[in-house]
Amino acid sequence: MSEPTPEEQTALVDRISADSLTTRRDYLRIVATVSGGLAVGSTLVAAGVLHRHGDGTAAPLKVADRLPEGRAVTFDYPGEDDRAMAIRLTDGTLVGYSTVCTHLACGVLWREDHAEEDGLFCPCHEGVFNARTGEVTSGPPPRPLPKVIMIEDELGAVWAIGTARSGESEQAGLCRGPVGRNPALARRAGCGSPR
Ligand code: FES
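Criteria and cut-off values
- Residues numbered from 1 in each chain as written.
- Predicted model: local features only at pLDDT ≥ 70, side-chain atom pairs only at ≥ 80, totals over all residues.
- Heavy atoms only, no water.
- Patch = residues over 30% accessible without salt bridge, like charges linked within 9 Å, V, L, I, M, F, W, Y side chains within 5 Å.
- Areas by Shrake-Rupley, 256 points an atom, 1.4 Å probe, with all protein chains shown as cover.
- Salt bridge = Lys/Arg side-chain N within 4 Å of Asp/Glu carboxyl O.
- Lys, Arg positive; Asp, Glu negative; His and termini not counted.
- Charge placed at Lys NZ, Arg CZ, Asp CG, Glu CD.
- Helix = DSSP H or I, 4+ residues; strand = E, 2+ residues; numbered from the N terminus.
- Buried < 20%, exposed > 50% of the residue type's maximum accessible area, 1.4 Å probe, protein only.
- Pairing = 2+ DSSP bridges.
- pLDDT = per-residue confidence, 0-100.
- Contact = heavy atoms within 4.5 Å.
- Core = buried A, V, L, I, M, F, W, Y, C linked by side-chain atoms within 4.5 Å.

Draft legend 1. Molecular detail of a negative patch on the surface. On the surface, D76, E80, D81 and D82 cluster together into a patch of negative charge. Tracing the backbone through its elements, the reader meets E80 in the loop between β5 (72-76) and β6 (83-88).

Structure (structure tokens):
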């Protein structure tokens, strides 16, 4: 599926707004360019409107107004004690992870001066994760880093909009979270029957 034109994106967002959220006062509109190798990227390019409260999922969180290539930003998501990081890889791809090491929960660090294959490092026992995939590349961590699903809005700001469990795809995480609970977005994302 090709990317929608700007007119199609606008129409999609308007339709999603009309479908689901016109009665909600507290909402946030995100016209999104999904990046980071997101599996649903081709179908969710204009991601839409995500409401902030009431369905058990975290509100979208703006983590940076801009994130240059090769740089990272830390934040807490989905809860205020959930340490996370967004990284803009050198090819422009946007990725996000929990920074709680899957070994013994030390904090994982971004190594800007390393190749992305070993870009995420846990100093406690020298665990290393691939910055593009979150997979373990060396050391004792038993599982990949859980992902935080990141998008970039039309102004270049970076948002966290959901999470995927360790080893779970971004699409599965989105469908389990707010996208799956929004019938219009769920259809666009190929989530099957929305809950
Ligand atoms: S806590 Fe991260 S490698 Fe042990």
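Draft legend 2. Representation of the pairing of β6 within the structure. The buried fraction of β6 is high, at five of six residues. Pairing analysis gives five bridges linking β5 to β6, with the strands arranged antiparallel. Looking at β6, one finds that A72 is bridged to I87. Hairpin connection of β5 to β6: six residues between the antiparallel strands. Pairing geometry for β6 and strand β7 (residues 94-98), over five bridges, is antiparallel. By the bridge assignment, A86 is partnered in β7 with G96.

Draft legend 3. Structural context of the confidence of the model for the protein chain. Of all residues in the protein chain, 68% attain a pLDDT of 70 or more, and the chain-wide mean is 75. The least confident element of the protein chain is strand β1 (residues 27-30), whose mean pLDDT is 36; the most confident is strand β10 (residues 127-129), at 98. Ignoring residues within four places in sequence, the model shows residues 11-56, a span with pLDDT below 50, making 104 contacts including any to other chains.

Draft legend 4. The arrangement of the sheet that holds strand β8 (residues 109-110) in detail. Taken together, the four strands give an open sheet; going across it, the order is β8-β9-β10-β11, and neighbouring strands pair in antiparallel fashion. The open sheet has two free edges, formed respectively by β8 and β11 (136-138), since each of these has just one partner strand. Pairing between β10 and β11: two bridges, direction antiparallel. Note on β11: the bridge partner recorded for F129 is V136.

Draft legend 5. Structural view of the pairing of β7. For β7, a buried count of five out of five residues is recorded, marking the element as mostly surrounded by other parts of the structure. Neither face of β7 is exposed, since L94, G96 and S98 on one face and V95 and Y97 on the opposite face are all buried. Two successive antiparallel strands, β6 and β7, enclose a turn made up of five residues, where G92 displays a positive phi of approximately 95°.

Draft legend 6. Focus on the nonpolar core. I87, V108, W110 and L120 are the most contacted members of the largest nonpolar core, which totals 14 residues. Elements with a contribution of two residues or more to this core: β6, β7 and β9 (120-122). Once residues lying within four places of it in the same chain are set aside, the contact partners of I87 are L67, R71, A72, T93, L94, V95, W110, L120 and A131. Counting 13 residues, the second largest nonpolar core, distinct from the first, contains V63, A86, L94 and V158.

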